[in-house]
Amino acid sequence: MNEGWPVELRGVTESIVATLGPNGRWNLAALGLFAGEPVTSRTWGNTRTRRNFHREGEGYVQFTRDPVDFVEAALDIYERDEPVLPSADARVRVGVERVDAGEDGDTRWEEWAHTPVESAIERRVVPTTNRGCNAVIEATVAASRLGVEVYDDAVLEERLAHLEGVAERCGGEREREAMARLRGLSAWDGRNERNESF
């Protein structure tokens, strides 16, 4: 185990965070990490992650390439007995501290600073870029904004249709499974006419 981040962060890096809930189980949720000193993230609304950050002051940030795990973490109540996903390539236990808060429309947000406590690399991989997997990650963002007043559902649904087409054409079995799961977990029914211009 090392201290520090096990991966290089730049811009916004999508991750999955596990936080311990009052039921003794680990809640897994998607979490965008903003590179900087310190690394920060935002929680939106009264989520389990926000409540667990307040109560426990820590979590396990994980880096995985599995699109199904991302969909489950972003759109479902995803709980496990252990904090680290089998698909995690690297992980870091972080202490968290709230550093800012505000509102966007009717939604309250809180900004958190993350301090690495210990980290580990589970497997070293040669980086590849799969457009299908990337499309699934982008689709989880769009799907999580459906029904939120400050976003236009029609625009989000058009984006989801396009991203589904990319995932089907450029992804593999896990990407197609992830998009099917996304349809089942979100307010999007996936019956829109697909934008094939990708």
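Above: the structure in question.
Residues numbered from 1 in each chain as written. Predicted model: local features only at pLDDT ≥ 70, side-chain atom pairs only at ≥ 80, totals over all residues. Heavy atoms only, no water.

Enquirer: Before we move on, can you summarise the nonpolar core with the specific residues and values?
Expert: Counting 19 residues, the largest nonpolar core has V71, V136, A139, L160, M179, L182 and W188 as the members making the most contacts within it. Among the elements that make up this core, the one with the highest residue count is helix α4 (residues 153-170) (6 residues). The residues contacting L160, other than those within four sequence positions of it, are A139, A142, A143, L146, M179, L182 and W188. (Core = buried A, V, L, I, M, F, W, Y, C linked by side-chain atoms within 4.5 Å. Buried < 20%, exposed > 50% of the residue type's maximum accessible area, 1.4 Å probe, protein only. Helix = DSSP H or I, 4+ residues; strand = E, 2+ residues; numbered from the N terminus. Contact = heavy atoms within 4.5 Å.)

Enquirer: Quick rundown of the pairing of strand β4 (residues 58-64)? Include the residues and the values.
Expert: Regular strands show a simple pattern: their side chains alternate between the two faces of the sheet. Most of β4 sits out of view: 6 of its 7 residues are buried. When strand β1 (residues 12-20) meets β4, the two strands line up antiparallel, connected through 3 bridges. Bridged to A18 within β4 is Y60. Both β4 and strand β6 (residues 88-104) contribute to a ladder of 7 bridges, which runs antiparallel. Paired with V61 across the two strands is V92, which belongs to β6. (Pairing = 2+ DSSP bridges.)

Enquirer: Describe the packing of aromatic side chains, naming the residues involved and giving the relevant values.
Expert: Under the counting rule described, the total for this entry stands at 2 aromatic pairs. Judged by centre distance (5.5 Å) and plane angle (80°), the rings of W26 and Y60 are edge-to-face. With a gap of 34 residues between them, W26 in strand β2 (residues 26-34) and Y60 in strand β4 connect regions that are remote in the sequence. Note on accessibility: W26 and Y60 belong to one class, buried. The positively charged end of R42 is found above the aromatic ring belonging to W109, 3.6 Å away from the centroid. (Phe/Tyr/Trp six-rings, centres within 6.5 Å; stacked < 30°, edge-to-face > 60°. Lys NZ or Arg CZ within 6 Å of the ring centre and 35° of its normal.)

Enquirer: Can you lay out the pairing of strand β7 (residues 107-121) for me, pointing to particular residues and giving the numbers?
Expert: Pairing analysis gives 6 bridges linking strand β3 (residues 39-44) to β7, with the strands arranged antiparallel. By the bridge assignment, W44 is partnered in β7 with W109. Sheet topology note: the β6/β7 ladder contains 14 bridges and is antiparallel. Residue pairing across strands places D100 opposite E111, the latter belonging to β7. In this structure, the hairpin formed by β6 and β7 is closed by a connection of 2 residues, where G105 is found at a positive phi of approximately 65°.

Enquirer: How would you sum up unusual backbone geometry? Please name residues and give values.
Expert: E37 connects to P38 through a cis peptide bond whose omega is 5°. In this structure, P38 sits in the loop between β2 and β3.

Enquirer: Which residues make up the packing of helix α2 (residues 67-75) against helix α5 (residues 173-185), and what values do they have?
Expert: Axis separation between α2 and α5 bottoms out at 8 Å; the angle between their running directions is 15°. Here α2 lies roughly parallel to α5, going by the angle between them. The handedness of the crossing between α2 and α5 is right-handed. Every residue of α5 that contacts α2 at P67, V68, V71, E72 and L75 is listed here: R174, E175, E177, A178, R181, L182 and L185. (Axes fitted to C-alpha atoms, helices over the stretch in contact; angles between N-to-C directions. Parallel < 35°, antiparallel > 145°, perpendicular 65-115°, else oblique. Left-handed = near helix turned anticlockwise from the far one by under 90°.)

Enquirer: Which residues make up the environment of E79, and what values do they have?
Expert: Its place among the elements puts E79 in strand β5 (residues 78-80). Given the relative accessible area of 25%, E79 is considered partly exposed. Residues E79 and E110, spaced 31 residues apart in sequence, show a C-alpha to C-alpha distance of 22 Å. Here E79 is in contact with N23, R25, W26, N27 and R48, once residues within four sequence places are set aside.

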